[in-house]
Amino acid sequence: MTRPLNIAYSPCPNDTFVFDALAHGRVPGAPELAVTFADIDLTNGMAERGEFDVLKVSYAVLPWVLEEYALLPCGGALGRGCGPLVLTRQAADLAGKTVAVPSERSTAYLLFRLWAAAEVPGGVGEIVVLPFHEIMPAVRDGKVDAGLVIHEARFTYQDYGLRCLADMGEHWELTTGLPIPLGAIVAKRSLGEEALRGLAAAIRASVLMAWDDPEASRPYVLEHAQEMDPKVADQHIGLYVNEFTADLGEDGYAAVRGLLTRAAAEGLVPPLGRDALRFV
């Protein structure tokens, strides 16, 4: 009997919604999964160390892991109107200011650096890495001047008395016309081409099953949503699970390559090889 695939993804509603059917054995013929929950900053490190068979990671970490892992064409998070936000209490100018970010290996951070290179003459000041759920309180309490936030924070930041200084996704879309690449699903190349194709098909089937019967995934989503309001969880899923989750397609791949090519030109990531994003 083949062993379960070790997979790590976040407890966020979009991931639990996507993987519910697959994780609970409801996708016919799919491989069995052994699931670990971890936030994206942790899974990025896991991928760099080659610790799991399958991982949800930031697109920003791909240049460091694509030799060992293949990018799957489904299951991830891209979209429009769903980018990270820069939040402040008062500051309108980030030049020389302290900014909290969720990870320096995150897609959010790449988008922020590309925005800052164009919009903050002289550059920002110190970058402080904090868990994403600590960023808004840190900005509210004056521990940092600004914060880069992701996930459901775009729906709740006003509760902290904060304002949106800039929308990284809006800047990306205006300058490229492409969707915003956020989170990717990668799997070890050593699994073999047949297993990788089967895994991609199973993930796509899990996405389609979640869309066909959203209520089936609801207990799994809310169990891991960290006391999130169910309405916010629904907004989260609606924003981050879309046609690109089922299939990256031409625009999805163009967005990923565009982000990583621009980031490499700024010296933020190593350059991609020509066929680095090829699935199998």
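Residues numbered from 1 in each chain as written. Predicted model: local features only at pLDDT ≥ 70, side-chain atom pairs only at ≥ 80, totals over all residues. Heavy atoms only, no water.

1. Points about the side chain of N242
You can see N242 is positioned in the loop between α10 (230–240) and α11 (243–246). At 2.7 Å, the side chain of N242 forms a polar contact with the backbone oxygen of L78. At 2.9 Å, the side chain of N242 forms a polar contact with the backbone nitrogen of F244. (Helix = DSSP H or I, 4+ residues; strand = E, 2+ residues; numbered from the N terminus. Polar contact = N/O pair within 3.5 Å; in protein donor to acceptor, adjacent residues only side chain to side chain.)

2. Examining the sheet that holds strand β10 (residues 163–167)
Across the sheet, five strands lie side by side as β8-β7-β9-β6-β10; this open sheet has mixed pairing. Looking at strand neighbours, the two that pair on one side only are β8 (127–129) and β10, the edges of this open sheet. Between one strand axis and the next, the sheet turns by 30° as a mean value, whatever way the strands run. In the sheet, strand β6 (residues 85–88) pairs with strand β9 (residues 146–149) via four bridges, with the strands oriented antiparallel. Bridge pairing in β9 places L87 opposite G147. Sheet strands in contact with helix α7 (residues 168–176) are β6, β9 and β10, and its direction is about 25° off that of β10. (Pairing = 2+ DSSP bridges. Axes fitted to C-alpha atoms, helices over the stretch in contact; angles between N-to-C directions. Contact = heavy atoms within 4.5 Å.)

3. Structural notes on the environment of A70
Assignment of secondary structure puts A70 in strand β4 (residues 69–71). Judged by relative accessible area, A70 falls into the buried class, the value being 0%. Considering only alpha carbons, one finds A70 and F279, 209 residues apart in sequence, at a separation of 5.9 Å. With sequence-adjacent residues up to four places away left out, A70 is seen in contact with I185, V186, A187, R189, L196 and F279. (Buried < 20%, exposed > 50% of the residue type's maximum accessible area, 1.4 Å probe, protein only.)

4. Considerations on the packing of α7 against helix α12 (residues 249–265)
Between two packed helices, the angle of one axis relative to the other and the distance separating the axes together describe the packing. Between α7 and α12, the shortest axis-to-axis distance is 12 Å and the interhelical angle comes to 100°. Compared by their axis directions, α7 and α12 come out roughly perpendicular. Here W172, T175 and T176 of α7 lie close against α12, whose contacting residues are A255, G258, L259 and R262. Class assignment for the residues of the contact of α7 with α12 results in three nonpolar, three polar and one charged. (Parallel < 35°, antiparallel > 145°, perpendicular 65-115°, else oblique. Nonpolar A, V, L, I, M, F, W, Y, C, P; charged D, E, K, R; others polar.)

5. Notes on helix α4 (residues 107–119)
A rise of 1.5 Å per residue sets the reference length of α4, with its 13 residues, at 18 Å; its end C-alpha atoms lie 18 Å apart and thus fit the reference within 8%. Within α4, the full set of buried residues consists of T107, A108, Y109, L110, L111, F112, L114, W115 and A116. (Expected span 1.5 Å × (residues − 1).)

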